Amino acid sequence: MPENTSAIDIEKLTSLCKRRGFVFQSSEIYGGLASTWDYGPLGVELKRNVKDSWWKTMVWERDDMVGLDAAILMHPDTWRASGHLENFTDPLVECSDCNKRFREDHIDSVTCPDCGGKLSDPRLFHLMFKTHMGPVEEEAAIVYFRPETAQGIFVNFNNVVTSTRKKLPFGIAQIGKSFRNEITTGNFIFRTREFEMMEIEYFVMPGEDEKVHQKWMQDCMDWYTNIGVKPENLRLRKHEDEELSHYAKATYDIEYNFPWGWGEIQGIANRTDFDLKAHMTMSGEKLTYFDEVSGQHVIPYVIEPSLGVDRAVMTLLVDAYTEEETTTASGKTETRVLLKLDPSVAPVKVAVLPLSRNERLAPLAKSVYDDIRKNRLIEGNVQFDDAQSIGRRYRRQDEIGTPLCVTVDFDSLDDGCVTIRERDSMDQKRVSITNLAQEISSLLIGD
Ligand code: GAP
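Residues numbered from 1 in each chain as written. Predicted model: local features only at pLDDT ≥ 70, side-chain atom pairs only at ≥ 80, totals over all residues. Heavy atoms only, no water.

Trainee: Help me out: how do you make sense of the overall build of the protein in this one?
Mentor: Of the regular secondary structure elements, the protein holds 13 helices and 23 strands. For the protein, the spread of C-alpha atoms along the three principal axes comes to 75 × 65 × 45 Å. Going through the 447 residues of the protein one by one, you find that 49% of them count as buried. Summed over its atoms, the accessible surface of the protein is roughly 21800 Å², and 48% of this surface lies on carbon and sulfur atoms. Averaged over its 53 positive side-chain charges, the protein has a centre that lies 4 Å from the centre of its 73 negative ones. (Helix = DSSP H or I, 4+ residues; strand = E, 2+ residues; numbered from the N terminus. Buried < 20%, exposed > 50% of the residue type's maximum accessible area, 1.4 Å probe, protein only. Areas by Shrake-Rupley, 256 points an atom, 1.4 Å probe, with all protein chains shown as cover. Lys, Arg positive; Asp, Glu negative; His and termini not counted. Charge placed at Lys NZ, Arg CZ, Asp CG, Glu CD.)

Trainee: Can you walk me through the site of the ligand in this structure?
Mentor: In the vicinity of the ligand lie 20 residues, with E148, E182, T192, E199 and E264 positioned nearest. A distance of 3.5 Å separates a nitrogen atom of the ligand from a polar atom in the side chain of R271. Taking 550 Å² as the accessible area of the ligand by itself, protein coverage stands at 91%. Elements with a minimum of two residues in the shell around the ligand: β10 (194-204), β13 (261-272) and β16 (301-308). Of all the elements, β13 adds the most residues to the shell around the ligand, at 5 residues. Of the residues assigned to the shell around the ligand, the class counts are 6 nonpolar, 5 polar and 9 charged. (Near = heavy atom within 4 Å. Polar contact = N/O pair within 3.5 Å; in protein donor to acceptor, adjacent residues only side chain to side chain. Nonpolar A, V, L, I, M, F, W, Y, C, P; charged D, E, K, R; others polar.)

Trainee: Before we go on, may I ask you to explain the sheet that holds strand β12 (residues 250-258) in this structure?
Mentor: In sheet architecture, strand pairing relies on hydrogen bonds along the backbone and comes in two forms, parallel and antiparallel. Pairing is mixed across the open sheet formed by 7 strands, whose spatial order is β3-β9-β10-β16-β13-β12-β11. A single partner strand is all that each edge strand has here, and the edge strands are β3 (65-68) and β11 (234-238). Sheet twist, expressed as the average angle between the axes of neighbouring strands with direction ignored, equals 25°. As paired strands, β11 and β12 are joined by 5 bridges and run antiparallel to one another. The residue bridging R235 from the neighbouring strand is E255, located in β12. The strands touched by helix α7 (residues 209-226) are β3, β10, β11, β12, β13 and β16; relative to β13, the strand with the most contacts, the crossing angle is about 145°. (Pairing = 2+ DSSP bridges. Axes fitted to C-alpha atoms, helices over the stretch in contact; angles between N-to-C directions. Contact = heavy atoms within 4.5 Å.)

Trainee: What am I meant to see in the nonpolar core here?
Mentor: Proteins that are soluble and globular tend to have nonpolar side chains buried together. Counting residues in each nonpolar core, the largest one holds 58 residues, and the members touching the most others are F22, L46, V50, W54, W216 and W223. Setting aside its immediate chain neighbours within four residues, F22 contacts L16, C17, D38, Y39, G40, L42, G43, L46, L317, L339, P347 and I400. (Core = buried A, V, L, I, M, F, W, Y, C linked by side-chain atoms within 4.5 Å.)

Trainee: Honestly, helix α6 (residues 157-164) in this entry has me stumped. Any pointers?
Mentor: Quick reminder: α-helices carry 3.6 residues per turn. Residues three or four places apart thus point the same way. Within α6, the full set of buried residues consists of F157, V160 and V161. One side of α6 carries all its buried residues, which in axial view fall inside an arc of 95°. Seen from the buried face of α6, the exposed residues on the opposite side, beyond 90 degrees, are T162 and S163. Buried residues along α6 sit in contact with β3, α5 (150-154), β9 (170-179), β10, α8 (274-283) and β14 (289-291). Downstream of α6 by a residue or two, R165 has a phi angle that is positive, lying close to 55°. (Arc of directions from axis to C-beta.)

Trainee: Is there a simple way to explain unusual backbone geometry in this structure?
Mentor: Apart from glycine, the bulk of residues carry a negative phi angle, and the bulk of peptide bonds sit in the trans form. Going from L168 to P169, the amide bond is cis rather than trans, its omega being -5°. Residue placement: P169 occurs in the loop between α6 and β9. Of note, F188 is a non-glycine position whose phi angle comes to about 60°, a positive value. The class of F188 is buried, set by a relative accessible area of 7%. In the Ramachandran plot, T272 falls in the positive-phi region, its phi being about 50° despite a non-glycine side chain. Inspection of the secondary structure puts T272 in strand β13. Taking the relative accessible area as the measure of exposure, T272 reaches 13% and is therefore buried.

Trainee: I keep staring at the packing of aromatic side chains and nothing clicks. Help me out?
Mentor: Aromatic rings in a pair are described by how distant their centres are and how their planes are angled relative to each other. According to the stated counting rule, one finds 14 aromatic pairs in the structure shown. Relative to F203, the ring of F154 lies with its centre 6.3 Å away and its plane at 85°, an arrangement referred to as edge-to-face. Taken together, the residues span a long stretch of sequence, with F154 in helix α5 and F203 in strand β10 at a distance of 49 residues. For the residue pair F154 and F203, the accessibility class agrees, reading buried in each case. Site record: aromatic cluster; members linked through ring pairs are F154, F157, F170 and F203. The ring of F384 carries the charged tip of K366 above its face, separated from the ring centre by 4.0 Å. (Phe/Tyr/Trp six-rings, centres within 6.5 Å; stacked < 30°, edge-to-face > 60°. Lys NZ or Arg CZ within 6 Å of the ring centre and 35° of its normal.)

Trainee: How do you make sense of the pairing of strand β4 (residues 89-94) when you look at a structure like this?
Mentor: Where a strand is regular, its side chains alternate between the two sheet faces. Across 4 bridges, the pairing between β4 and strand β6 (residues 123-126) is antiparallel. Residue pairing for β6: P91 is matched across the bridge by L124. Examined bridge by bridge, β4 and strand β5 (residues 101-103) share 3 bridges and lie antiparallel to one another. Paired with L92 across the strands is R103, a residue of β5. The turn joining β4 and β5, which pair antiparallel and follow one another in sequence, is formed by 6 residues; a positive phi near 65° is taken by N99.

Trainee: What should I look at first to understand the environment of M133 in this one?
Mentor: Turning to its location among the elements, M133 is positioned in the loop between β7 (130-132) and β8 (142-144). Between the alpha carbons of M133 and Y144 there is a distance of 9.4 Å; along the sequence they are 11 residues apart. Not counting the four nearest positions on each side in its chain, M133 is found in contact with L73, A141 and V143.

Trainee: Whenever I open this one, the environment of V313 confuses me. Can you help?
Mentor: Within the secondary structure, V313 is located in helix α9 (residues 309-320). You can call V313 buried: its relative accessible area is 1%. Separated by 266 residues in the primary sequence, V313 and K47 place their C-alpha atoms 6.5 Å from one another. Aside from chain neighbours lying at most four places away, what touches V313 is Y39, L46, K47, V50 and I189.

Take a look at the structure:
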């Protein structure tokens, strides 16, 4: 195997993402809008695969989970009850020389990390974005962009229990956008002001919560390794008491070893009965569960695995980015850049590459492409590329993480076979077009 020669450099990754169409700066033609990003053609495929994999694992493959898609804008009392209006703040300090603002708990120094200037005393900065509902811009019409999807689940607790007849323990999963007016953003798509979350509120009998919390930690860790994240780059970290959110009894973060150090990619919190109780008090509605065994109404406890889709995408990109020295056919040494993405999340599963644009090859290559694209054994995006030399096309597919390339050459016209080239090993094997879909499917699934 070629040697991995590089430590990952975020600037190189950002540049690859832009060049190849994964992630673009938002509103770029107007100079960009700080810390907001747009997903390009390959980025949406990657992101969609991440969400699909999570939904399949966390909802479809379990019999104790259902889904929900609540509105982003919610009744303002939601945020009064949840404690966000009062507590969803970060400590902000400002440099008296360069006026730059920092989150006090994100910096080590007592002076400005940028210019050494004097920092102000910390003040609490509220993180929720506000807007007005309807045509009047007055206090009474204020609504908030949700800072987490969780509250949409809590306020629908009765609706889900009544409509699904789910028995404890069970969970509700949701994927959707959230917004936080973060003081400091950065590290590409790691911390942004608009991001997508995948959250589960898992309801259990009080007393069962700690055991179930442990189980969710394992299930979440397994999901990351199943989508290809290297286990040695993952760890669990328990929150210190002073770090705990106002609603949590205990929280563990799954952290990834990013180039700038360990960073949170997911929180798994024990929210107790805090939220259901708070919404009961604010709304006057009973949000309890009738336990047939004890004949009692109980307020369930909640375990909450919660992660950002963008952070999962960032984790996958960093984990997959690889540079290695290879020797070309002419004996030259060159650096091959590749994304070693697991096939389940790779934005393009297969690329069909005719050896050249020769008109004799084109019809066969197009028909191979059509067959793969429409074959039910192969799920996901398939590309056709006939521009430039075959070597360059392999490099392009390596850079975007395509696990398999299928090359159609002049022999294919006579022997009805094509070559499958595997991204990581660069091994090639000749297979009959008749068995191609089956071969590809086994290679992608790893049979
Ligand atoms: N409902 C629980 C909750 O909101 P959190 O730890 O504040 O908990 C959960 O957020 C996850 O959401 C984080 O682990 C991270 O993956 C993601 N996340 C939070 N803030 C983010 C931001 N500004 N940009 C990108 N992702 C973010």
